[in-house]
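Report on the structure
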Amino acid sequence: MYLGIDLGTSNSAIVGATGTTLRLFKSLDGADVLPSVLFIDARGRRFVGRRAYEQATLNPDNVASGVKRLMGTSTPLKFAAAGISLTPEEASAEILRTLVAQVQAEVGSQPIEASVVTIPAAFNQMQTEATIASAEMAGLRPVGLLHEPIAAALASMAGAKIRSGQFLVYDLGGGTFDAALVQASAGVVNVVAHEGVNMLGGRDFDNALLQGMVAPWLEGHFDLDPDYRLDPKFDRLLRRLRLKVEEAKIELSVRDRAPVFLAGEEAQITDRRGTPIYIDIELSRGDLEGLVSERIERSIEICRKLISDNGYDISDIDRVVLIGGPSKMPLVRQRAPEELGISADLSTDPMTAVATGAAIYAESRDWGGAQTVRKSSRASTISADELVRFEYPSRTADDHARLRMVALDPHADARLRITGEDGWTSGDIPLTGEQRVELPLPRLGESTFKVTVTVAGVGSSENPLTITRTFASSAGVPATHTLGVAVEQDVGGARREVVVPIINKGTVLPAKGREQFRAARALVGGTDGQIDLAVYEMAEGVDDPSLCQLVGSFQLKAVDHLERGETLRAGDPIIVNWDMDDNGLLKCTLELPHQQKSFDTGRFFSPIVGHRNFADEDGRLLATAVVKQARESLDEAKSSLSNDAWFEMGELQQRLEAQEQALESNSDAETRRQAAEEARSVRQAVARLSGAPQNRAAVMTRELASVEEGFDELVRESAGESECARFDQLSTNARRFVDNGQFAEASTCLSQMRGLFYQELLNQPGFLVAQFQDLASERYLAVDKGVHDKLVEMGQKCLREDDWQSLRRVNGELISNRVITGPSEKDTTRLVGLMKAH
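Residues numbered from 1 in each chain as written. Predicted model: local features only at pLDDT ≥ 70, side-chain atom pairs only at ≥ 80, totals over all residues. Heavy atoms only, no water.

1. Quick word on the overall build of the chain
Each helix and strand in the chain was counted, giving 21 helices and 43 strands. Its C-alpha radius of gyration of 31 Å places the chain within 12% of the 28 Å reference for a compact globule of 838 residues. Taken over the C-alpha atoms alone, the chain extends approximately 110 × 75 × 55 Å along its principal axes. Split into buried and exposed, the 838 residues of the chain put 54% on the buried side. Look at the contacts in the chain between residues 6 or more apart in sequence, and 67% of them connect residues 24 or more apart. Summed over its atoms, the accessible surface of the chain is roughly 35300 Å², and 48% of this surface lies on carbon and sulfur atoms. Averaging the positions of the 92 positive and the 121 negative side-chain charges in the chain gives two centres separated by 3 Å. (Helix = DSSP H or I, 4+ residues; strand = E, 2+ residues; numbered from the N terminus. Rg over C-alpha atoms; globule rule 2.2 N^0.38 Å. Buried < 20%, exposed > 50% of the residue type's maximum accessible area, 1.4 Å probe, protein only. Contact = heavy atoms within 4.5 Å. Areas by Shrake-Rupley, 256 points an atom, 1.4 Å probe, with all protein chains shown as cover. Lys, Arg positive; Asp, Glu negative; His and termini not counted. Charge placed at Lys NZ, Arg CZ, Asp CG, Glu CD.)

As structure tokens, this is what we get:
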């Protein structure tokens, strides 16, 4: 048996597949889905599912829900009564173990050949790796991953009468939204393109109800501090309310009105006057729809863009398949098909389709090697008498198969007859040259046909052919993101860092490649110095590392990777051999051809490098810093962008304001992560708008003015005459280039101006001291807190000894160990040391 597992934000499901059956394994209480909730009691006993869900109102300090939205972070999940903290991966593993136990309860010791766990297409590399880690913790081996839209498409094909065409998967889950454009041919699906939002789902609808309806009611009926929602003593109340709101939201899918009620005895908290707090409010479907309408419109706009960007028209799409619990909302079921102008497929179960598709996919793969591959779908055999070659599909999702028969001896006087297990026969067919016959496949699983070859005067031979009819199959799994490596560009003598792609979004996996770079500086074994291979997840049209998602980094250190005295010269080749499996996991090796060395970097993933902790005070400060930087980027751009961008800027303003308000009124890690994700998305959008042709002159003029002002105020008096003259000449040239529309040349001048400005700053002890003090105080931005603390001690020693050269080096190390929150920091970041090969 093969297992397909939908590890969902709100609910999870598990389906088993054999060659002929699909079986949904229900939870122990008989439900199709298992609530993705974990409860740990005071004795450390762990409960997953409905019982844990019910404890959310009684025992919120000991319950974890929505864990999927924290995957890929180092945010701890705390269970107060037992004094236990789990990582999101460990909590997810508990959910997976419970799902597998559901299977074992029904089928006993029946062997599990392999399992596939689904992930949103919008998941980043860290989230993908974290899901694999959870599955392995749960004992699932071998195990693979599959994107939820592909799984949904496979499930849709399995039960469809029309098994060819083009359709759209609209997957609105508890935590994420994915859209996929899919082509199908005789039950074989191919994902043309996909888009998604990492933090858009049913839990956001819950938050909208909580903030838009319940919180105002509370504030109108009780005497509360303005920031009561950030007060830890209100955590229990707010967690209970979140559950009540979620229940009301679900009820509003089938009723016009639903209550949110929490008695004072349950709330167990009073306001400032000592009045016991309770909740008694009735929500209407109209209330809910008004609060979530904008988010649903955003999901529909993503679908429109997906269709148009890939050269399709609405009329080309046969149907839209609605997947995920929130897609059952009447507003979604009405608006998505209506506004897209595409008829809806309402026959596919939105709650279990993803697990069903994952099971179909698991059964279709060959799990014998290090990487899974699609089971062979073509066969070719020669008849026992060596007179005929048979060519046919060994596996197909269609209800018929075409058999091609080629005569190997054209002089033989031969005939063929094909018979099926159910009595079907082809009749006598003369064997002349080449013949084709359609074989019926009336049922799932194996069908065996007997081909009798009769030769006049010689005799006959019987040849069995077996063909397997499958539920559906996938033509390939595409890479969901573009991944790139950070390199230094030499711009007129100044260096700037950009990300260059090595794996493009949409590349069919598994895939491998070889990219050659050059060392940007020399390394000598036994000395300080390093070159970073930093891999980033790239957004469309964005190559600034500070705007991309860091996936991982391998540091080629002179002291560790070169023999003492051995030299890697500037310009020497550094070759990156990359390999991405069909789970979307990246492995690399580095080659130094001139030094005849090779290094296995492993998977580009590290809890230290990629993960962020959004809990506690550090998490609040981190999210606030990221949102603040996005606000500064947005405000700076407003004065430079053309009128054409006003509408988009207004939308970005609203999105950012929503996150600012969320941080002011929520203290949970999930909200903070969402704010950070959305802030980066806003900054990426601002960068694209700033790079548009109609905006480049104004944006570059503003940047020039900013650098000129900084140079005049901070370093002109202390800089040498030649440096000032050089800076002024560059400024004059840059402005002339801007006036003439020569933006590449102007950008070169601007990069050199920045380099001069920052170099002069580094010569000023006052700047180094102020920079160190700022870096030291922002421990919450440190990737590795232990490294940060050691560097701060070293910096303080430098201050006592007036050792400015060493302080400059300490500041560089502090910056390298820091989450980059915005473009203002990129000029102070130590460069990676790689350059693109010519």
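Once you've had a look at it, read on.
2. Focus: the pairing of strand 11 (residues 143-147)
The element strand 11 is largely enclosed, with a buried count of 5 among its 5 residues. Of the two faces of strand 11, the one carrying Val143, Leu145 and His147 and the one carrying Gly144 and Leu146 are both buried. Two elements, strand 10 (residues 114-119) and strand 11, share 5 bridges in a ladder whose sense is parallel. The partner of Ser115 across the bridge, within strand 11, is Val143. (Pairing = 2+ DSSP bridges.)

3. Regarding unusual backbone geometry
Geometrically, the link from Arg141 to Pro142 is a cis peptide bond, its omega value of -10° lying close to zero. Mapped onto the elements, Pro142 comes out in the loop between helix 3 (125-137) and strand 11. In this structure, the amide linkage connecting Leu509 to the following residue, Pro510, adopts the cis form with an omega of 0°. Tracing the chain through its elements places Pro510 in the loop between strand 34 (508-509) and strand 35 (511-519). Even without being glycine, Gln268 reaches a positive phi, approximately 55°. Of note in this structure, Asp802 is not a glycine but carries a positive phi near 55°. Its place among the elements puts Asp802 in the loop between helix 20 (785-801) and helix 21 (804-816). Here Asp802 falls in the partly exposed class, since its relative accessible area comes to 48%.

4. Thoughts on empty space enclosed by the protein
The gaps left among the atoms become clear once a water-sized probe is rolled over them. Enumeration according to the criterion identifies 10 cavities of 30 Å³ or more in this entry. Taken as a whole, the largest cavity encloses approximately 110 Å³ of empty space. Lining the largest cavity are 16 residues, and of these Gln125, His147, Thr480, His481 and Gly584 sit closest to its centre. The residue inventory of the lining of the largest cavity, partitioned by class, reads 9 nonpolar, 7 polar and no charged. (1 Å grid on protein atoms, 1.4 Å probe; cavity = no way out; pocket = protein on both sides within 12 Å on 5 of 7 lines; lining within 4 Å. Points joined across faces, edges and corners; volume = space filled by probe spheres on them. Nonpolar A, V, L, I, M, F, W, Y, C, P; charged D, E, K, R; others polar.)

5. Details of the sheet that holds strand 5 (residues 37-40)
Strand order in the open sheet formed by 3 strands is 6-5-7, with antiparallel pairing between adjacent strands. The two strands at the open ends of the sheet, each matched to only one other strand, are strand 6 (46-48) and strand 7 (63-65). Adjacent strand axes in the sheet meet at a mean angle of 15°, parallel and antiparallel pairs treated alike. Across 3 bridges, strand 5 lies against strand 6 in antiparallel orientation. The residue of strand 6 that forms the bridge with Phe39 is Phe47. (Axes fitted to C-alpha atoms, helices over the stretch in contact; angles between N-to-C directions.)

6. A few points about the side chain of Arg612
Within the secondary structure, Arg612 is located in the loop between helix 12 (607-610) and helix 13 (616-638). Nearest to the buried, unbridged Arg612 among oppositely charged side chains is Glu677, at 9.7 Å. Excluding its chain neighbours within four sequence positions, the residues that come into contact with Arg612 are Thr73, Ser74, Thr75, Leu622, Val783 and Val819. (Salt bridge = Lys/Arg side-chain N within 4 Å of Asp/Glu carboxyl O.)

7. Quick notes on the packing of aromatic side chains
We describe a pair of aromatic rings using the distance from one ring centre to the other and the angle between the two ring planes. Considering all chains together, one arrives at 11 aromatic pairs under this definition. With a centroid separation of 5.8 Å and an interplanar angle of 25°, the aromatic rings of Phe39 and Phe47 are classed as stacked. Phe47 matches Phe39 in its accessibility class, with the two residues each being buried. Look at Phe222 and Tyr278: their rings are 5.4 Å apart centre to centre, the planes differ by 85°, and that puts the pair in the edge-to-face class. On the criterion of sequence distance, the pair formed by Phe222 in the loop between helix 5 (202-221) and helix 6 (235-251) and Tyr278 in the loop between helix 7 (264-267) and strand 16 (279-284) is long-range, its members being 56 residues apart. A residue is classified by how much of its surface remains accessible, and Phe222, at 8% relative accessible area, is buried. The structure contains a cluster of three or more aromatic residues connected by ring pairs, namely Trp217, Phe222 and Tyr278. Over the aromatic face of Phe47 sits the side chain of Arg51, whose NZ or CZ is 4.1 Å from the ring centroid. (Phe/Tyr/Trp six-rings, centres within 6.5 Å; stacked < 30°, edge-to-face > 60°. Lys NZ or Arg CZ within 6 Å of the ring centre and 35° of its normal.)

8. Thoughts on the packing of helix 4 (residues 148-158) against helix 10 (residues 353-363)
Between two packed helices, both the angle of their axes relative to each other and the distance between the axes serve to describe the pair. Here helix 4 crosses helix 10 at 85°, and the two axes come no closer than 7 Å. In terms of orientation, helix 4 and helix 10 fall into the roughly perpendicular class. Here Glu148, Ala151, Leu154, Ala155 and Ala158 of helix 4 come into contact with helix 10, specifically with Ala353, Val354, Thr356, Gly357, Ala358, Ile360 and Tyr361. Tallied by class, the residues present in the contact of helix 4 with helix 10 amount to 9 nonpolar, 2 polar and 1 charged. (Parallel < 35°, antiparallel > 145°, perpendicular 65-115°, else oblique.)

9. Some points on helix 5
Given a rise of 1.5 Å per residue, 20 residues ought to cover 28 Å, and the 28 Å separating the end C-alpha atoms of helix 5 matches this to within 8%. Along helix 5, the largest kink reaches about 35° and is centred on Leu210. (Expected span 1.5 Å × (residues − 1). Bend = angle between axes of the 7 residues up to and from the residue.)

10. Some words on the pairing of strand 17 (residues 319-323)
Most of strand 17 sits inside the fold, with 5 of its 5 residues counted as buried. By the alternation rule, side chains of strand 17 split into Arg319, Val321 and Ile323 and Val320 and Leu322, which are all buried. Inspection of the sheet shows strand 12 (residues 165-172) paired to strand 17 by 5 bridges, in the parallel sense. If you follow Leu168 over to strand 17, its bridge partner there is Val320. Bridge analysis of strand 17 against strand 18 (residues 344-345) gives 2 bridges, and the strand direction is parallel. For Val321, the partnering residue across the bridge sits in strand 18 and is Asp345. Each parallel crossover has a hand, and the one from strand 17 via helix 9 (residues 330-340) to strand 18 is right-handed. (Right-handed = clockwise from strand over helix to strand, strands pointing away.)

11. Remarks on the sheet that holds strand 22 (residues 388-393)
Strand order in the open sheet formed by 4 strands is 21-22-24-27, and the pairing between neighbours is antiparallel. The strands lining the two open edges of the sheet, one partner per strand, are strand 21 (378-382) and strand 27 (434-440). Between one strand axis and the next, the sheet turns by 20° as a mean value, whatever way the strands run. Looking at chain direction, strand 21 and strand 22 are connected through 5 bridges and run antiparallel. The residue bridging Ile382 from the neighbouring strand is Arg389, located in strand 22.

12. With respect to the nonpolar core
Generally speaking, soluble globular proteins have nonpolar side chains that are buried together. Ranked by size, the top nonpolar core spans 61 residues in total, and within it Leu96, Val117, Met649 and Leu652 carry the most contacts. When sequence neighbours within four positions are dropped, the list of residues in contact with Leu96 reads Ile5, Leu7, Val117, Ser134, Ala135 and Ala138. In terms of nonpolar packing, the next biggest core, distinct from the first, is built from 54 residues, Val260, Leu262, Leu340 and Ile342 among them. (Core = buried A, V, L, I, M, F, W, Y, C linked by side-chain atoms within 4.5 Å.)

13. A look at the confidence of the model for the chain
In this model, the chain carries an average pLDDT of 90, and 97% of its residues clear a pLDDT of 70 or more. Every residue in residues 824-829 is under pLDDT 50, and counting partners more than four places away or in other chains gives 12 contacts. (pLDDT = per-residue confidence, 0-100.)

14. Remarks on the environment of Ile342
Within the element layout of this structure, Ile342 appears in the loop between helix 9 and strand 18. By relative accessible area, which is 3% here, Ile342 ends up buried. Between the alpha carbons of Ile342 and Val37 there is a distance of 35 Å; along the sequence they are 305 residues apart. The contacts of Ile342, once residues within four sequence positions are left out, are Ile307, Ile314, Ile317, Asp318, Arg319, Val320 and Pro337.

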